[in-house]
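# Reading the structure
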Protein chains: 2
Amino acid sequence: MAKVYEVVKVFGTVGSPFAKRVQIALELKGVQYTFFEEDLRNKSELLLKYNPIHKKVPVLVHNEKALVESLVILEYIDEVWGSDQPILPQQPYHKALARFWSKFIDDKYMPAITKAAFSANKEEREKGSEETVEALEHLENELKDKFFGGESIGVVDIAAGHIAFWLPAIEEAVGLKLLTSDKFPKLHKWGHEYTNHPAVKKNLPQRERLVAFFKARYASIITASK
Amino acid sequence: MAKVYEVVKVFGTVGSPFAKRVQIALELKGVQYTFFEEDLRNKSELLLKYNPIHKKVPVLVHNEKALVESLVILEYIDEVWGSDQPILPQQPYHKALARFWSKFIDDKYMPAITKAAFSANKEEREKGSEETVEALEHLENELKDKFFGGESIGVVDIAAGHIAFWLPAIEEAVGLKLLTSDKFPKLHKWGHEYTNHPAVKKNLPQRERLVAFFKARYASIITASK
């Protein structure tokens, strides 16, 4: 638990799946923090000070020490705020697998769904859809318990949160259907469990606003490519 | 130290900077292992069995448990084979910074140098050169001691090994000069220290073979793009 003299700040946007990872992890650990909403078209001086290299959200600032990259931050949170609610497995091999799958989500799934939904080029979007389905198949195959982390939420669940909440909103906004319940029954069930977990549920953005945001993004790309 | 009943295998290629990371880390820990040289144009059944998702080197197999992704493997090695020669810092904030910089090398420097040297398109190569220099500037700025890890080699040094050995070979092969000693005096000095460290030196590939390999790669790209 956070000690009373600790000052914890999160810089993010309300819709950012990466910032949500950090917020959900802090929630699981019972750490109080102040949230700073960033306007990504007009970034704050503080964001640029704390993340001069990537200039991106999320940033975690813990007693004036700044940390960036959501997966790096999740490991830090797990190390600093105790192991009553561990986010990473304790056993080195299981820990390595959790790191592998979290990295897989960022390296394979994330670029694939962005390509599938928001590429200007139709062939690129179709290729992105194929790559998204392939990434989802690997994750469906890997999911053995209630959560990727077993009976409780772990780092892979938090990393995969996009699939549970953002992906369905993107599908609605751009008219895709990739995460079908017949093809991905385990991911479907998991998504329901995950988004209804108290630490997750209270940290999700409004679905209607997210769908509207993705609709506008899609429309601007389609218009620009005509 | 490796216990006598432990079986450690590394699947790699002699020229792979990612496989070398694993070999150098095992060397630092004094772990005995068997090296399996892969032909990437004709991958072995074992490689495909151990890394069915990415089908890439390196793979570390420890008592029949397979691990992939070099940075994930480095953390595993550090956790399993004791802390006499720690690769990661112990303090969570310093550990997070080390993870950040290792990830920075893989996410920013590595794609940039590949683009700079081996893109078919001249403008792309020039853009890659700019991005490489920008990444090197961040690393030059970050280097405060003998090594990124302080007085001894740490995870960031091992991750950055490409800059010390592979980059000069690429520069020679394709006629680039990015890592100049006037612009990057600290990285130059570090590169010399790093490549002369006993655990590193004995694990480096032959420079002439590497240069020849990169020359052939460059020539095939230039020929194909004409």
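Residues numbered from 1 in each chain as written. Chains lettered and ligands numbered in written order. Predicted model: local features only at pLDDT ≥ 70, side-chain atom pairs only at ≥ 80, totals over all residues. Heavy atoms only, no water.

### A look at the overall build of chain A
When helices and strands are counted, chain A shows 10 helices and 4 strands. Each helix (α) and strand (β) of chain A, taken in turn from the N terminus, gives the series β-α-β-α-β-β-α-α-α-α-α-α-α-α. With the principal axes as the frame, chain A shows a C-alpha extent of 55 × 45 × 30 Å. Buried residues in chain A amount to 53% of all 226 residues. The contacts of chain A with a sequence gap of at least 6 include a subset with a gap of at least 24, amounting to 69%. Counting only carbon and sulfur atoms, one obtains 52% of the accessible surface of chain A, whose full area is about 10,900 Å². Charge separation in chain A, taken as the distance between the mean sites of 32 positive and 31 negative side-chain charges, equals 3 Å. (Helix = DSSP H or I, 4+ residues; strand = E, 2+ residues; numbered from the N terminus. Buried < 20%, exposed > 50% of the residue type's maximum accessible area, 1.4 Å probe, protein only. Contact = heavy atoms within 4.5 Å. Areas by Shrake-Rupley, 256 points an atom, 1.4 Å probe, with all protein chains shown as cover. Lys, Arg positive; Asp, Glu negative; His and termini not counted. Charge placed at Lys NZ, Arg CZ, Asp CG, Glu CD.)

### Looking at the pairing of strand β2 (residues 34-37) of chain A
Residue and element names in this part refer to chain A. In terms of strand pairing, strand β1 (residues 8-12) meets β2 through 4 bridges, oriented parallel. Bridging across to β2, V10 finds its partner in F35. Viewed along the sheet, the connection from β1 through helix α1 (residues 17-29) into β2 turns out right-handed. (Pairing = 2+ DSSP bridges. Right-handed = clockwise from strand over helix to strand, strands pointing away.)

### Details of the packing of aromatic side chains
Tallied over the entire structure, the rule returns 22 aromatic pairs over all chains. With 5.5 Å between their ring centres and 80 degrees between their planes, F165 of chain A and W166 of chain A make a pair best called edge-to-face. For F165 of chain A, a relative accessible area of 12% translates into the label buried. Relative to F36 of chain B, the ring of F11 of chain B has its centre 4.6 Å away and its plane inclined at 10 degrees; by these criteria the two rings are stacked. With F11 of chain B in strand β1 (residues 8-12) and F36 of chain B in strand β2 (residues 34-37), this residue pair connects regions lying 25 residues apart in the sequence. (Phe/Tyr/Trp six-rings, centres within 6.5 Å; stacked < 30°, edge-to-face > 60°.)

### With respect to the relation of the copies chain B and chain A
In this arrangement, two copies of a chain are superimposed by a rotation about an axis accompanied by a shift along the axis. At an RMSD of 0.0 Å, chain B and chain A line up after a rotation of 180 degrees and a shift of 0.0 Å along the axis. A rotation of that kind, with that shift, is consistent with a two-fold axis. For chain B, the smallest separation between a C-alpha atom and the rotation axis is recorded for D107 of chain B, amounting to 4.9 Å. A share of 100% of the interface residues of chain B reappears at the interface of chain A, consistent with the copies meeting face to face through the same patch. (Least-squares fit on C-alpha atoms with pLDDT ≥ 70 in both.)

### What about the interface of chain B and chain A?
Tallying the contact residues gives 23 residues for chain B and 23 residues for chain A. Carbon and sulfur atoms supply 72% of the area buried between chain B and chain A, which totals about 2,400 Å² over both sides. Scanning the region where chain B abuts chain A turns up 7 salt bridges. Between R99 of chain B and E75 of chain A there is a salt bridge; the shortest N-O distance is 3.2 Å. Here chain B and chain A share 6 residue pairs in polar contact (both at pLDDT 80 or more) between them. Mapped onto the side of chain B that touches chain A, the elements with two or more residues apiece are β4 (65-68), α3 (70-80) and α4 (92-118) of chain B. When residues in the side of chain B that touches chain A are grouped by element, the largest group, 10 residues, is from α4 of chain B. (Buried area = accessible area lost by both parts, 1.4 Å probe. Salt bridge = Lys/Arg side-chain N within 4 Å of Asp/Glu carboxyl O. Polar contact = N/O pair within 3.5 Å; in protein donor to acceptor, adjacent residues only side chain to side chain.)

### Things to note about the UniProt feature "domain: GST C-terminal" (unreviewed entry) in chain A
Under the feature "domain: GST C-terminal" (unreviewed entry), the UniProt entry names residues 91-214 of chain A. Along residues 91-214 of chain A one finds 73% helix and 0% strand; the C-alpha atoms at either end are 39 Å apart. (UniProt positions renumbered as here; feature names shortened; annotations may be inferred.)

### Some words on the domain arrangement of chain A
Residue and element names in this part refer to chain A. In terms of domain boundaries, chain A breaks down into domain 1 (8-80) and domain 2 (92-224). Here domain 1 and domain 2 have C-alpha centroids that lie 21 Å from each other. Domain 1 puts 16 residues into the contact, and the matching count from domain 2 is 20 residues. Both faces considered, domain 1 and domain 2 share a buried interface measuring about 1,500 Å² in area, 67% of it formed by carbon and sulfur atoms. It is R21, I24 and E27 that lose the most area in domain 1 upon contact with domain 2, and together they represent 35% of the buried surface on that side. In this structure, R21 engages D106 in a salt bridge whose closest nitrogen and oxygen atoms are separated by 2.7 Å. (Domains from an automatic or database assignment.)

### Some thoughts on unusual backbone geometry
Residue and element names in this part refer to chain A. In this structure, the amide linkage connecting V57 to the following residue, P58, adopts the cis form with an omega of 0 degrees. Of note, P58 is situated in the loop between α2 (45-50) and β3 (59-62). Backbone geometry at E69 places phi at a positive 75 degrees, although glycine is not the residue there. Tracing the sequence through the fold places E69 in the loop between β4 (65-68) and α3 (70-80).

### Topic: the environment of G154 of chain A
All names here are of chain A. Along the chain, G154 falls in the loop between α5 (122-142) and α6 (155-159). According to the relative accessible area criterion, G154 is buried, its value standing at 4%. Separated by 80 residues in the primary sequence, G154 and L74 place their C-alpha atoms 10.0 Å from one another.

### So, the environment of S225 of chain A
All names here are of chain A. Here S225 shows up in the segment after α10 (207-224). For S225, a relative accessible area of 36% translates into the label partly exposed. Taking the C-alpha atoms as reference points, S225 and N121, 104 residues apart in sequence, are found 7.4 Å from one another.

### Details of the sheet that holds β1 of chain A
Residues and elements named next belong to chain A. If you walk across this open sheet you meet the 4 strands as β2-β1-β3-β4, and the pairing is mixed. Bordering the open sheet on either side are β2 and β4, each of which pairs with just one other strand. Each strand of the sheet is rotated relative to its neighbour by a mean of 20 degrees, with strand direction disregarded. Each of β3 and β4 touches α3; the most contacted strand, β3, lies at about 30 degrees to it. (Axes fitted to C-alpha atoms, helices over the stretch in contact; angles between N-to-C directions.)

### Some remarks on the UniProt feature "domain: GST N-terminal" (unreviewed entry) in chain A
When the UniProt feature table is mapped onto this chain, "domain: GST N-terminal" (unreviewed entry) is found at residues 6-85 of chain A. Along residues 6-85 of chain A the backbone is 38% helical and 21% strand, and the end-to-end C-alpha distance reaches 19 Å.

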